[in-house]
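Residues per chain, in single letters:
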Amino acid sequence: MGYDSHRFGPGDGLVLGGVRIPCKMGFVAHSDGDVVLHAITDAILGAIGAGDIGELFPDNDDRWQGADSCLFIKRAVEIAAEKGYRLGNADITIIIETPKLGEFKAEIKQKIAEILETDPDNVNIKAKTNERMGAIGRCEGIAVMASVLMTK
Ligand code: MG
């Protein structure tokens, strides 16, 4: 299981699961801020006992400034392969008040399947609001939970 959250700032779009979502917000983040890929990366690393994304890619390391998060997740998949594991399936829950992600879910699913080199049937995307409660409800940021099954 992996979890990540990011704060919103002014901007012209969010990258979620490798897909650009046009809106009037951006991420306040060290990398490209793709919170979906970060949560999946942590889920993979956790499942294979390989620590977390912060150990592999410290946010005080300039090499990862504005980095494409595909790099992080692909490294996690590589470490998994070295340990003899491959992805079974991934289930992702994105919690965001606005914009609504319904029309982007299919594209995000497709893109994540491409990145993970798996069949789209092995990837599930769920999107929900926080019912206007708390920081996410006030549109201050976003949270993502990801579960993955890794098979030996
Ligand atoms: Mg992150």
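Residues numbered from 1 in each chain as written. Predicted model: local features only at pLDDT ≥ 70, side-chain atom pairs only at ≥ 80, totals over all residues. Heavy atoms only, no water.

1. Side note on the coordination of the magnesium ion
Right, so step 1: Each protein donor to the magnesium ion is listed here as Asp-4 (OD), His-6 (NE2) and His-38 (ND1); together their distances run 2.0 to 2.2 Å.
Right, so step 2: Each donor residue of the magnesium ion lies on one chain, and together they are spaced D-x1-H-x31-H. Of the two residues, Asp-4 sits in strand E1 (residues 2-10) while His-38 sits in helix H1 (residues 35-47), which places them 34 residues apart along the sequence. The exposure classification of Asp-4 matches that of His-38, with both residues buried. (Donors = N, O, S within 2.8 Å, 3.2 Å for Na, K, Ca; no water. Helix = DSSP H or I, 4+ residues; strand = E, 2+ residues; numbered from the N terminus. Buried < 20%, exposed > 50% of the residue type's maximum accessible area, 1.4 Å probe, protein only.)

2. A closer look at the packing of aromatic side chains
Right, so step 1: Summed over all chains, the structure comprises four aromatic pairs.
Right, so step 2: Pairing Phe-57 with Trp-64 gives two aromatic rings, centres 4.8 Å apart and planes at 90°, and the pair type is edge-to-face.
Right, so step 3: On the basis of relative accessible area, Phe-57 is assigned to the buried category, the value being 10%.
Right, so step 4: Under the relative-accessibility criterion, Trp-64 is labelled buried at 14%.
Right, so step 5: Site record: aromatic cluster; members linked through ring pairs are Phe-57, Trp-64 and Phe-72. (Phe/Tyr/Trp six-rings, centres within 6.5 Å; stacked < 30°, edge-to-face > 60°.)

3. Topic: the environment of Ile-142
Right, so step 1: With respect to the helices and strands, the residue Ile-142 is situated in strand E7 (residues 141-151).
Right, so step 2: In this structure the C-alpha to C-alpha distance between Ile-142 and Ile-53, which are 89 residues apart in sequence, comes to 18 Å.
Right, so step 3: Setting aside anything within four residues of it in sequence, one finds Ile-142 in contact with Asp-4, Ser-5, His-6, Phe-8, Leu-16, Phe-27, Val-35, Ile-94, Ile-95, Ile-96 and Ile-136. (Contact = heavy atoms within 4.5 Å.)

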